[in-house]
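Spelled out, the chains give:
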Amino acid sequence: QVQLVESGGGLVQAGGSLRLSCAASGRRLYAMGWFRQAPGEDREFVAAINWSGGSTDYADSVNGRFTITRNNAKNTVYLQMSSLKPEDTAVYYCGIRTGSLLRSTSSYTTWGQGTQVTVSS
């Protein structure tokens with residue numbers, strides 16, 4: 001069974017940057033996505049990428065500030081986050097997408113443990 005391990009979270013000031021990583025075990029490549037969940041909130045879509053890296057999608061709230069990429073040789077997906085805002089504070093999760101709705105959690109069958117991102121004002 002494939003496992004996902006996120007890393008790269010931390011505390012950063014508003015306007016700063018962070019890069020999250022999501023490493024998948026095994027050699028099979030998957031369409032992947034990043035979601036985030038703030039306390040008391042539902043898990044929300046952030047960004048998605050197809051298996052080759054040739055197609056990406058972003059939530060309106062992060063478009064232009066975040067970039068999703070992947071290194072298939074390392075079977076790792078990245079989320080480069082810039083111009084961070086306090087409202088970006090959340091636990092960030094990566095997931096493997098097997099369904100057709102790439103912005104819906106229902107399309108993701110495997111999740112990592114999450115990594116905390118905290119943006120101070």
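All of the points below concern the structure found in this document.

Rules of the game
- Residues numbered from 1 in each chain as written.
- Predicted model: local features only at pLDDT ≥ 70, side-chain atom pairs only at ≥ 80, totals over all residues.
- Heavy atoms only, no water.
- Helix = DSSP H or I, 4+ residues; strand = E, 2+ residues; numbered from the N terminus.
- Rg over C-alpha atoms; globule rule 2.2 N^0.38 Å.
- Buried < 20%, exposed > 50% of the residue type's maximum accessible area, 1.4 Å probe, protein only.
- Contact = heavy atoms within 4.5 Å.
- Areas by Shrake-Rupley, 256 points an atom, 1.4 Å probe, with all protein chains shown as cover.
- Lys, Arg positive; Asp, Glu negative; His and termini not counted.
- Salt bridge = Lys/Arg side-chain N within 4 Å of Asp/Glu carboxyl O.
- Polar contact = N/O pair within 3.5 Å; in protein donor to acceptor, adjacent residues only side chain to side chain.
- Disulfide = S-S within 2.5 Å.

## Section: the overall build of the protein chain
Part 1: Along the backbone of the protein chain there are 0 helices and 11 strands.
Part 2: Each helix and strand of the protein chain, placed in order from N terminus to C terminus, yields the pattern β-β-β-β-β-β-β-β-β-β-β.
Part 3: A compact globule built from 121 residues would reach a C-alpha radius of gyration of about 14 Å, and the protein chain, at 13 Å, matches this within 12%.
Part 4: Each principal axis of the C-alpha distribution contributes one length, and for the protein chain these read about 40 × 25 × 25 Å.
Part 5: Of all 121 residues assigned to the protein chain, the portion counted as buried reaches 43%.
Part 6: Taking the contacts inside the protein chain whose residues are at least 6 apart along the sequence as the reference set, 55% of them involve residues at least 24 apart.
Part 7: For the protein chain, the accessible area works out to roughly 6,200 Å², and carbon and sulfur atoms hold 45% of it.

## Notes on unusual backbone geometry
Part 1: The backbone of Asn75 sits at a positive phi, close to 50 degrees, despite the residue not being glycine.
Part 2: Of note, Asn75 is situated in the loop between strand E7 (66–71) and strand E8 (76–81).
Part 3: On the accessibility criterion, Asn75 (7% relative accessible area) is buried.

## Looking at the side chain of Glu6
Part 1: Note that Glu6 resides in strand E1 (residues 4–7).
Part 2: Buried within the structure, Glu6 lacks any salt-bridge partner; Arg43 is the closest side chain of opposite charge, at an N-O distance of 7.1 Å.
Part 3: Side-chain polar atoms of Glu6 contact the backbone nitrogen of Cys94, separated by 2.8 Å.
Part 4: A polar atom in the side chain of Glu6 sits 2.8 Å from the backbone nitrogen of Gln113.
Part 5: Discounting chain neighbours no more than four positions away, the residues touching Glu6 are Ser21, Cys22, Trp34, Tyr92, Tyr93, Cys94, Gly112, Gln113, Gly114 and Thr115.

## A few points about the state of the cysteines
Part 1: Under the definition given, this model contains 1 disulfide.
Part 2: Covalent S-S linkage joins Cys22 and Cys94, the inter-sulfur distance amounting to 2.0 Å. Judged by the sign of its S-S torsion, about 65 degrees, the bond between Cys22 and Cys94 is right-handed. In this pair, Cys22 sits in strand E3 (residues 18–24) while Cys94 sits in strand E9 (residues 90–97), placing the two residues 72 residues apart along the sequence.
Part 3: The exposure class of Cys22 is buried, given its relative accessible area of 1%.

## Regarding the pattern of salt bridges
Part 1: This model, assessed by the stated rule, comprises 4 salt bridges.
Part 2: With a closest N to O distance of 2.6 Å, Glu44 and Arg36 form a salt bridge.
Part 3: For Glu44, a relative accessible area of 37% corresponds to the partly exposed category.
Part 4: Judged by relative accessible area, Arg36 falls into the buried class, the value being 6%.
Part 5: Among the charged side chains, a salt-bridge network with shared partners connects Arg36, Glu44, Arg65 and Asp88.

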